Amino acid sequence: MAMTASTPSTDPHAWLRRQTRWHPVEIAFWLATLLPFFLFPNYLVLASQIAITALFALSLDLILGYAGIVSLGHAAFFGLGAYASGILSKHGWGEPLTGLLFGAAVAGIVGYATSFIIARFRHLTLIMLTLGFGLLLFELANKAHWLTGGADGLQGVKIWPIFGRIQFDLWGYTAYSYALIVLFVLFLVCRRLIHSPFGLALRGIRENSVRMPAIGAPSAAHIRKIYTISAAIAGVAGALLTQTTETVALEVLSFARSADTAVMLVLGGAGMLYGGLIGSIIFMIARDQFSGIAPQYWYFWIGILLIVVVMFLPNGILGGLSTLLARWRKP
Amino acid sequence: MTLALSTQGVDKSFGSLVVARDIAISLPQGERYALIGPNGAGKTTLINLMTGMLRPDGGRIFLGDEDITALPPAERVRLGLVRTFQINTLFPQLTALESVTLAVCERIGQAGVWWRGLPSERAAVDEAYEILKSLRLAAVCNRPTRELAYGQQRLLEIALALATRPKVLLLDEPAAGVPKDESTELFNAIAGLSKDIAILFIENDMNVVFRFASRIIVMVGGRILVEGTPAEISSDPRVREVYLGKAHHG
Amino acid sequence: MADALLSLKDVRAGYGAAVVLDGISFDVPVRGSLAVLGRNGVGKSTLLLTIMGFTAIARGAVLWRGEDITRLPPNRRAQEGIGWVAQEREIFPSLTVEENLTVASRPGDWNLKKVYDLFPRLHERRGNKGNHLSGGEQQMLATARALMTNPDLLLLDEPLEGLAPIIVEELSAAIGRLAAEQGMTLILVEQHAEIALSLTDEAVVIERGTIAHRARSKDLLADQATLDRLIGLKVEA
Amino acid sequence: MIGPFLGVLFDGIAYGMLLFLLSVGLSVTLGMMNFVNLAHCAFAMVGGYTTVTLMHVFGWPFVWTLPMAFLTAAAVSVIFERTLYRPLYRASELDQVLLTIGIAFVSVAVAAWFFGTVQQPIQMPPYLRGSVSAFGISFGVYRLFLIAVALAIALLLIVTLEFTRFGATVRASVDNQRMARGLGIDVDRTFAITFALGSGLAGLGGALAIEIVGLDPSFAFTYLVYVLIVVAVGGLGSIGGSLIAATLIGISDVAGKYYVPETGAFLIYLVMIVVLMWRPAGLFARR
């Protein structure tokens, strides 16, 4: 326990501030999200899909990467948001921003209601319960044809122009701008949340949930809160998909969507805020490229990728990069 | 004499195995009590009962005048009854400062705040830093816990407990796994804690026990055998028997 | 010490980053018996776990019949002839008493008949599930279970802990017969120092992970002052 | 009225027996090793395609292919256990879930590559076709065969686990791994054998399932949900529990689809959620 003289690096405030400061790479990342407008104007529809998926992955990161809740049914909230805004529009209210809020509210309320169950269970039981809720909702939407259109999808969604002026266009200019702005705003919210005292408490739960009560922490309340927030953000992502595509397919609630998003998150690196974003960019672009060639073998490569990531890249691509960077800096 | 922590007739058994029988302990404010006894005497179990990690089959537990027998663990911590663990149970990826700041934030009710950055919690951060400084951990406060030396992790255990501003501190073998020279240093740090805190510690090194405890409680087989000053305990024949067996003097 | 059955050479061991034992060296000859004494928490159980291969050895070596077994996994050590009776007895709860005895048995002198002769109570309870036994019966079963593997060395971790006086007598008599009549090599970890010393040839006292004292058991038993200082409640000035 | 009811009951039991064969291996390995193996049905698929290949390419009779389905699935699973699973025994559930989902993904693509995405029909031998009538209802011969095989295997499993030394070794290793090692039991080997056994049974289930539910590359995921539900409801590591849970779920699934087709699989999921919330370790958990 040798004590060294106090150096500037031990100043607690300076160190904490440094953790929250914007890194130049972050700024570069967000500037790069503008590139599709200039470089790939033909791919703006795909870009908006990526932005939506990235937002959904970000919401999953909050519970999986930060609070350590393994969910195989997160698409439930994505789907709830998608159907909520879609049904709202079908019944005569197509205003996009309130539509987003409505999607967030419905998903958030259901998230809050189920969070009481989620916070009580752990391990395999928790995985099975999240899976069960996801499947249950899928079946419900499938059978409630009168409300959701069932397997045919929800038809007749009409979205009004944003602020009453900006029309959604065929090329995806509006869609991508809109999705990107929503993503960025909610990313700012998540980023702030992660660097807040509450974010610290979440990391505490992930690191050692058993220890939390011994420092007086109401872990269950923390978990309920983040689960609700995460559900609401997933709901916004779902609503965005509805509004930019003007339809809702049953697929929004599918197990495949939950699984794919978990894959993206882990591929990019869970618990790192940008992991889900990077993961969805890579996943979605790769799928777009590969599916042109041989659609049914797409999952072969995803499977291989998953095995490789789990065995060799425990913290995903971002984790691997930062390890590499650290080694390169001090050889 | 105001009692910081007291128990009345606390019982606990697992099936046919009795781990606590009629435990009555009175821990006055500011005192340092040692809890000793052979393996399996029920010392850690008693701490688990007092902190609410186990539910007693019978009896009552008071913190000050308040009956806390039915309260969940986190609630007892908020009232000022705090423990450390025999084996390090920390937050490996959090820095020492983050860990202690978290505990401070939980205490002052700021841990649910998600709209403000951590650096804005200046008071909490300052308090955490002061605690770390008092335990001589300031120099390593920005290192992840997993990178700290074992002895430093033991100190961090105590720092986490202090951050909750305990009235009563229960230390379960605070020096377990620490080399001998470092354990003295550790107990010096414990001895230097505020006299407002009542401390009950489990420890097997009799040199440490007799140096730092004002009174000693001896547990055997889930019961309290005897309680007394160090001088009384060291000359008690029953205690000697517990520690040495009785093949010759029985 | 060419004829040592088991030797520890300057062993440092512990769990993860925690160092529990440091600089431990001793030899146990064939048919020898060693008492390991010390207050609780000093590393006595860890010493047996280290001999079995359950801890991380940071330095030093464990030799078995002169061969280095420091890196050998626990189940191989057991098969080589080290029998272990764990402190918490660790009876398999979903196995009957007889299954507990036969599940890991290996051919040799010790068989069901012989352990039932040594512990007649177990015969009465042979159909019971392991979790329906009293503390004393569990200890007998744990000891008998280790014997059924026909070990050359028996490690006993506080076999008398928490037992009623009459059972303590019964068990210590059985252990005594094992050493005297069967010539079993023993390492006996005990807090009941005087019983342990009366059952063994040699003794070591452990204090905070190192050997603080070595003596012939007979001599240490006569040396009350040292016993008090190392195990009892007398404290250094 | 009573006729269709008994018929549904019979079909439900047969379907339940199939689910039992598919899930019992997962229940045992999950209960023993705490390893979340979502690729379990991929091993079942290996068994199914083994039977298809042996019958179509080599002209083997159906019944003879069944032992090979067991052995092939067991052998393949051992390779995976040695290389990919073992390093992750102590890893987080998330890592186990992702790794095994990855393996299941790969298995789907590999099956599609070799066999295409179409169903693989097989021709049953004459003595397993048709039906027999009793009490005015007709019982499908193949379903009777399926029930007999499943019950025989359940009996064999229970006898092996409860009354043999190998079974005692398995139970001891589950009870207390450290003590088992300390007595000289090779726990890793015990687990590997149990794992192979469980996967082999899944392979057998996969082969027997072709006649009832068909076989295509999506099998690895379609039946995974059912298998997980059986395991979760039956309780980890409990053979009797798996048998009862599989029967219950088989009957309620068949009955649900017959009497209230509009609810679909909804009922099954609801039952699972309620059971898990009531008894998180399952109805017949060992511990």
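Residues numbered from 1 in each chain as written. Chains lettered and ligands numbered in written order. Predicted model: local features only at pLDDT ≥ 70, side-chain atom pairs only at ≥ 80, totals over all residues. Heavy atoms only, no water.

### Section: the packing of aromatic side chains
Between two aromatic rings, the relevant description is the distance of the centres plus the angle of the planes.
All names here are of chain A.
No. 1: Enumeration according to the criterion identifies 34 aromatic pairs over all chains in this entry.
No. 2: With centroids separated by 5.6 Å and ring planes inclined at 85°, the aromatic side chains of Phe 77 and Tyr 227 adopt a geometry described as edge-to-face. Placement of Phe 77 in helix H5 (residues 75-90) and of Tyr 227 in helix H11 (residues 219-245) is noted, with a sequence separation of 150 residues between them. Taken individually, Phe 77 and Tyr 227 each receive the classification buried, so the pair is uniform in this respect. (Phe/Tyr/Trp six-rings, centres within 6.5 Å; stacked < 30°, edge-to-face > 60°. Helix = DSSP H or I, 4+ residues; strand = E, 2+ residues; numbered from the N terminus. Buried < 20%, exposed > 50% of the residue type's maximum accessible area, 1.4 Å probe, protein only.)

### Concerning helix H5 (residues 150-163) of chain B
All names here are of chain B.
No. 1: With 14 residues, H5 extends 20 Å from end C-alpha to end C-alpha; this agrees with the ideal 20 Å at 1.5 Å per step.
No. 2: Where burial is concerned, most of H5 is hidden: 14 out of the 14 residues are buried.
No. 3: Backbone geometry just downstream of H5 places Arg 165 in the positive-phi region, at approximately 50°. (Expected span 1.5 Å × (residues − 1).)

### Here's the deal with the interface of chain A and chain B
No. 1: Each partner contributes to the interface: chain A provides 37 residues, whereas chain B provides 49 residues.
No. 2: Interface of chain A and chain B: buried area, both sides summed, is about 3900 Å²; carbon and sulfur atoms make up 65% of it.
No. 3: Counting across the chain A and chain B interface gives 2 salt bridges.
No. 4: The closest approach of N and O atoms between Arg211(A) and Glu157(B), which form a salt bridge, is 2.6 Å.
No. 5: Inspection of the chain A/chain B interface yields 14 residue pairs in polar contact (both at pLDDT 80 or more).
No. 6: The element that contributes the greatest number of residues to the side of chain A that touches chain B is helix H10 (residues 197-207) of chain A, accounting for 7 residues.
No. 7: Among the residues making up the side of chain A that touches chain B, the classes are represented as 18 nonpolar, 12 polar and 7 charged. (Contact = heavy atoms within 4.5 Å. Buried area = accessible area lost by both parts, 1.4 Å probe. Salt bridge = Lys/Arg side-chain N within 4 Å of Asp/Glu carboxyl O. Polar contact = N/O pair within 3.5 Å; in protein donor to acceptor, adjacent residues only side chain to side chain. Nonpolar A, V, L, I, M, F, W, Y, C, P; charged D, E, K, R; others polar.)

### Looking at a positive patch on the surface
No. 1: A cluster of basic side chains, namely Arg17(A), Arg18(A), Arg21(A) and Arg122(B), defines a positive patch on the protein surface.
No. 2: Mapped onto the elements of the fold, Arg21(A) is located in the loop between helix H1 (12-20) and helix H2 (24-32). (Patch = residues over 30% accessible without salt bridge, like charges linked within 9 Å, V, L, I, M, F, W, Y side chains within 5 Å. Areas by Shrake-Rupley, 256 points an atom, 1.4 Å probe, with all protein chains shown as cover. Lys, Arg positive; Asp, Glu negative; His and termini not counted. Charge placed at Lys NZ, Arg CZ, Asp CG, Glu CD.)

### Notes on the arrangement of the chains
No. 1: For the 4 pairs of chains in contact, the largest share of contacts goes to chains A and B.
No. 2: A gap remains between chain A and chain C, with no contact made and the closest C-alpha atoms lying 14 Å from each other.

### What to know about the nonpolar core
No. 1: The biggest cluster of nonpolar side chains holds 305 residues, and the ones touching the most others in it are Leu55(A), Val100(B), Phe26(C), Ile51(C), Ile187(C), Phe62(D) and Leu208(D).
No. 2: If you tally residues by element for this core, the top one is helix H1 (residues 2-33) of chain D, at 16 residues.
No. 3: Not counting the four nearest positions on each side in its chain, Val100(B) is found in contact with Ala128(B), Ile131(B), Leu132(B), Leu156(B), Ala159(B), Leu160(B) and Ala163(B).
No. 4: One finds Leu101(C), Val115(C), Tyr116(C) and Leu118(C) within the second-largest nonpolar core, a separate group that totals 47 residues. (Core = buried A, V, L, I, M, F, W, Y, C linked by side-chain atoms within 4.5 Å.)

Spatial relationships are all this shows, so hold off on functional conclusions.
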